[in-house]
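Single-letter residue listing:
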Amino acid sequence: MAKLIKLYEENPSQKYIEEIVKVLKNDGLVIYPTDTVYGLGCDINSKKALEKIALIKQIKLEKANLSFVFESLSNLSEYVAQIDSNTFKILKRNLPGPYTFILPGNNNLPKVFKKKKTVGIRVPNHNITLEIVRALGNPIVSTSIKDEDEVIEYTTDPSLIAEKWDKLVDIVVDGGYGDNTPSTVIDLTNDEPLLIREGKGSIEI
């Protein structure tokens with residue numbers, strides 16, 4: 001049964017943040033709020049948890065398009081290959097924010113992602129997410145919580161999320177109603193930025 005934890009963005013309880021981190025470090029899955037839709041995440045170093053996400057999403061892990069959620073741009077070099085100054089300026093101008101930027105990966109990617117040449121990175125403008133990643137000490141691997149409903153693509157009510165995901169995850173963080181528009185996805189691996197998906201973030205980057 002998933003535990004529902006209420007957190008406030010302005011001043012999230014450090015006691016609860018530590019509890020969430022403990023679960024993540026023990027191969028657990030956590031649903032948490034971001035500056036866009038609610039996300040399902042796990043510790044980047046937990047193969048067991050990554051496999052659970054792949055099973056839930058019914059995808060092959062090595063082919064999964066999962067995002068890496070960072071605390072800040074200063075941590076990117078851990079998993080991202082060297083980028084040029086123009087790319088860095090785009091990142092600096094738009095992050096933290098509602099974007100997923102696709103960048104070239106480096107040799108430090110977890111073993112399950114070794115064949116991937118690119119990674120999607122996020123630095124959400126949401127204090128709860130950033131506090132969790134900061135306390136964890138490394139990125140969260142994340143995917144959006146999608147709904148089967150054809151009209152409402154993303155569930156925004158954390159209590160409904162907790163009800164639906166009760167037996168699949170360990171913790172659902174209630175950070176209030178979420179957004180129902182996902183991040184804007186932009187590929188920065190070529191000479192010119194390429195829009196993959198228009199979402200909450202402006203495409204004028």
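Quick notes on the rules
- Residues numbered from 1 in each chain as written.
- Predicted model: local features only at pLDDT ≥ 70, side-chain atom pairs only at ≥ 80, totals over all residues.
- Heavy atoms only, no water.
- Helix = DSSP H or I, 4+ residues; strand = E, 2+ residues; numbered from the N terminus.
- Pairing = 2+ DSSP bridges.
- Axes fitted to C-alpha atoms, helices over the stretch in contact; angles between N-to-C directions.
- Contact = heavy atoms within 4.5 Å.
- Buried < 20%, exposed > 50% of the residue type's maximum accessible area, 1.4 Å probe, protein only.
- Polar contact = N/O pair within 3.5 Å; in protein donor to acceptor, adjacent residues only side chain to side chain.
- Salt bridge = Lys/Arg side-chain N within 4 Å of Asp/Glu carboxyl O.

**Things to note about the environment of Pro 158**
Positionally, Pro 158 belongs in helix H5 (residues 158–165). Sequence spacing of Pro 158 and Gly 175 is 17 residues, and the spatial spacing of their C-alpha atoms is 7.5 Å.

**A closer look at the sheet that holds strand S6 (residues 118–122)**
The strand order across the open sheet formed by 10 strands is S1-S8-S2-S3-S7-S4-S6-S5-S9-S10, and the pairing between neighbours is mixed. Strands with a single pairing partner mark the edges of an open sheet, and in this sheet they are strand S1 (3–6) and strand S10 (194–197). Put simply, the sheet's adjacent strands are angled 30° from each other on average, direction ignored. Sheet analysis places strand S2 (residues 30–32) next to strand S8 (residues 171–174), joined by 2 bridges and oriented parallel. Across the sheet, residue Ile 31 finds its bridge partner in S8, namely Val 172. In the packing of helix H1 (residues 14–25) onto the sheet, contacts are made with S1, S2, strand S3 (39–43), strand S7 (140–144) and S8, and the angle to S1 comes to roughly 145°.

**Some points on the side chain of His 126**
The topology assignment puts His 126 in the loop between S6 and helix H4 (127–136). A residue is classified by how much of its surface remains accessible, and His 126, at 7% relative accessible area, is buried. The residues touching His 126, leaving out its near neighbours within four places in the chain, are Glu 9, Pro 33, Thr 34 and Asp 35.

**A closer look at the side chain of Asn 106**
Relative to the helices and strands, Asn 106 resides in the loop between strand S5 (99–104) and S6. Here the side chain of Asn 106 touches Asn 108 through a polar contact of 2.9 Å, landing on its backbone nitrogen. With residues up to four places along the chain from it excluded, the contact list for Asn 106 reads Ser 77, Glu 78, Tyr 79, Val 80 and Ala 81.

**Focus on the pattern of salt bridges**
Applying the stated rule across the entire model yields 7 salt bridges. Put simply, Lys 200 and Asp 179 hold a salt bridge, and the shortest N to O gap is 3.0 Å. With Lys 200 in the segment after S10 and Asp 179 in the loop between S8 and strand S9 (184–187), this residue pair connects regions lying 21 residues apart in the sequence. Classification of Lys 200 as partly exposed rests on a relative accessible area of 40%. Within the structure, one salt-bridge network assembled from shared partners comprises Glu 71, Glu 131 and Arg 134.

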